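Fold and contact review
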Amino acid sequence: MTDIPAVYAGSFDPVTNGHMDVARRARDVFGSVVVLLIGNGCKRPLFDEAERLALLQEAFKGERGIRVEHAQGLLTDYLKANNLRVLVRGLRGAPDLEHELLNAHYNKLFYSQAETVFLPARAEYGFLSSSAVREAVRYGADVSPLVPACVARALKAKLSD
Ligand code: ADP
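Now for a description of the structure that goes with this document. (Residues numbered from 1 in each chain as written. Predicted model: local features only at pLDDT ≥ 70, side-chain atom pairs only at ≥ 80, totals over all residues. Heavy atoms only, no water.)

1. Some thoughts on the site of the ligand
Neighbouring residues of the ligand: 18 residues in total, closest Tyr 8, Gly 90, Arg 92, Tyr 125 and Leu 128. Take Leu 128: an N or O atom from its main chain is 2.9 Å from a nitrogen atom of the ligand. Contact with the protein chains hides 88% of the accessible area of the ligand, taken as 530 Å² for the molecule alone. Split into classes, the residues belonging to the shell around the ligand amount to seven nonpolar, seven polar and four charged. (Near = heavy atom within 4 Å. Polar contact = N/O pair within 3.5 Å; in protein donor to acceptor, adjacent residues only side chain to side chain. Areas by Shrake-Rupley, 256 points an atom, 1.4 Å probe, with all protein chains shown as cover. Nonpolar A, V, L, I, M, F, W, Y, C, P; charged D, E, K, R; others polar.)

2. Concerning the side chain of Thr 16
Secondary-structure assignment places Thr 16 in the loop between strand 1 (6-10) and helix 1 (17-30). The class for Thr 16 is buried, based on a relative accessible area of 1%. For Thr 16, the residues in contact, after removing those within four places along its chain, are Leu 128, Ser 129, Ser 130, Val 133, Leu 146, Val 147 and Pro 148. (Helix = DSSP H or I, 4+ residues; strand = E, 2+ residues; numbered from the N terminus. Buried < 20%, exposed > 50% of the residue type's maximum accessible area, 1.4 Å probe, protein only. Contact = heavy atoms within 4.5 Å.)

3. As for the nonpolar core
One finds Val 15, Val 35, Leu 56, Phe 60 and Leu 155 to be the most contacted residues of the largest nonpolar core, which totals 33 residues. For this core, the secondary-structure elements that each account for two or more residues are strand 1, helix 1, strand 2 (33-38), helix 2 (49-59), strand 3 (66-71), strand 4 (86-91), helix 5 (130-138) and helix 6 (149-160). Residue contacts for Leu 155: discarding those within four places in its chain leaves Leu 46, Phe 47, Val 133, Val 137, Val 143 and Val 147. (Core = buried A, V, L, I, M, F, W, Y, C linked by side-chain atoms within 4.5 Å.)

4. Structural notes on the side chain of Asp 13
Inspection of the secondary structure puts Asp 13 in the loop between strand 1 and helix 1. Judged by relative accessible area, Asp 13 falls into the buried class, the value being 2%.

5. Re the packing of aromatic side chains
When we look at a pair of aromatic rings, we describe it by the centre distance and by the angle of the planes. A full pass over the atoms with the stated rule returns two aromatic pairs. For the ring pair Tyr 8 and Phe 12, a centre distance of 5.6 Å and an interplane angle of 75 degrees mean the geometry is edge-to-face. Classification of Tyr 8 by relative accessible area gives buried; the value is 6%. For Phe 12, a relative accessible area of 3% corresponds to the buried category. Summarising the aromatic geometry, the rings of Tyr 106 and Phe 110 are spaced 5.9 Å apart at their centres and angled 40 degrees between planes, so their arrangement reads as tilted. (Phe/Tyr/Trp six-rings, centres within 6.5 Å; stacked < 30°, edge-to-face > 60°.)

Have a look at this one:
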């Protein structure tokens, strides 16, 4: 275990059990993790930023070594401002790798001290994405095995709106 906190950033619309697993495994390697909701870049979200932040906070409540934060703008600006440099990303498959390598290169370009570490998705979450959850919920599927309990409740409430 290192004593360098890692940053696990995403749009988390909504947070899934796959995200929870990556954050916990990163915490077990790095000692502590900042789960960072990045507010920009999410077009037509199901949950607005305040809702996503509240869900993340509830999902990770009481978790040792995991802190939820919120930022706007460039991820590398957040790293610089907070004296952080390790980014953790989850990889579900080749499409993630392609996309995440590009992100890693840009982050390094904008902040030479930034280092990106990839964690492979656990096999049972390799198919799981926030977009698949949103889609399934729209058609009335029960997604409770795929998301934290607070998210399952929030999705039900959203549907009945
Ligand atoms: P999504 O890709 O589900 O919309 P985000 O944009 O919030 O989620 O992604 C944040 C990070 O989480 C990315 O590194 C993404 O590859 C990773 N991730 C998303 N879902 C999973 C999963 N099921 N298992 C492992 N990593 C994941």
